[in-house]
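# Descriptive analysis of the structure
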Amino acid sequence: MLQRIQSIYLLFASLVLFALFFFPLAHNVYINDKPSSIMVTGIYQDVNGVQQHTQSFVALTVITAIVAIVPLVIIFLYKNRKQQIALCYSAMLVLIGYSFWMAQTVKGAAGSITLDTSTMGIGLFLTSLSIVLIILAKKSIQKDEKLVRSADRLR
């Protein structure tokens, strides 16, 4: 059952979450009068044309890696579809909490500066995309479960 569409959805959800390490959460934000980018790994400031890592977000980095691995783990539980569905619900709840924590971290790092559409990075929207992909995977797992139950009735 590894070749099913839900495996593709869960793989893409994991890849999208790993992409948080490459895309900024906010960019062109001025912190201490220096243009800065905020990523899940920390704050990068532009000093003399060179990006320097000025502050680290260790907890956010570790949790991002763990959250990104969860959809991969769900893929390999294909023999127990009910557990897969339960873990999909759990992953969605964790991602909602993670998104809130990430937004609060960006808000705290930016200080009194308000973020608008020109300063928001792609990273802020990636968790929403991964939640949508997990929802699609859950629906596909439920379809498989329904198909297996109907086939068992025919036996």
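Quick note: structure is the one above.
Our subject in this report is the structure included herewith. Note that this is a predicted model, so its numbers are computed, not measured.

## Quick notes on the nonpolar core
Ranked by size, the top nonpolar core spans 36 residues in total, and within it Leu20, Ile38 and Ile134 carry the most contacts. Listed by contribution, the elements that provide at least two residues to this core are helix H1 (5-18), strand S1 (26-31), helix H2 (58-75), helix H3 (81-110) and helix H4 (123-154). Here this core gets ten residues from one element, more than from any other, and that element is H3. For leucine 20, the contacting residues outside a window of four places in its chain are Leu25, Val40, Thr64, Tyr98, Met102, Gly123, Leu126 and Thr127.

## So, the pairing of strand S4 (residues 50-56)
As paired elements, strand S3 (residues 42-47) and S4 share six bridges and run antiparallel to each other. In the sheet register, valine 47 faces S4, and the bridge partner there is valine 50.

## Observations regarding the sheet that holds S4
Read across the open sheet, the four strands follow the order S1-S2-S3-S4; overall the sheet is antiparallel. Strands with a single pairing partner mark the edges of an open sheet, and in this sheet they are S1 and S4. The sheet shows a mean angle of 35° between the axes of neighbouring strands, taken without regard to direction. Across four bridges, S1 lies against strand S2 (residues 34-39) in antiparallel orientation. Bridged to valine 29 within S2 is serine 36.

Definitions and limits used
- Counting restarts for each chain: residues are numbered from 1 in the order of the written sequence.
- Per-residue local features are limited, in this predicted model, to residues with pLDDT of at least 70; the limit for side-chain atom pairs, both in listing and counting, is 80 or more; totals at the level of whole chains, interfaces and linings are taken over all residues.
- The basis for every side-chain value is the complete set of heavy atoms in the structure, and neither hydrogens nor water enter the calculation.
- Joining through side-chain atoms within 4.5 Å is the link that ties buried Ala, Val, Leu, Ile, Met, Phe, Trp, Tyr and Cys residues into a set, and such a set is a nonpolar core.
- Classification of residues uses two cut-offs on accessible area relative to the type maximum, computed with a 1.4 Å probe and protein chains only: under 20% is buried, over 50% is exposed, and between them is partly exposed.
- The numbering of helices and of strands both runs from the N terminus, where a helix is a DSSP run of H or I of at least 4 residues and a strand a run of E of at least 2.
- Any two residues having at least one pair of non-hydrogen atoms within 4.5 Å are treated as being in contact.
- Each pair of strands is called paired provided DSSP finds at least two bridges between the two strands.
- To get an axis, a line is fitted to the C-alpha atoms, and for a helix only the part in contact is used. The angle between two axes follows their N-to-C directions and goes from 0 to 180 degrees.

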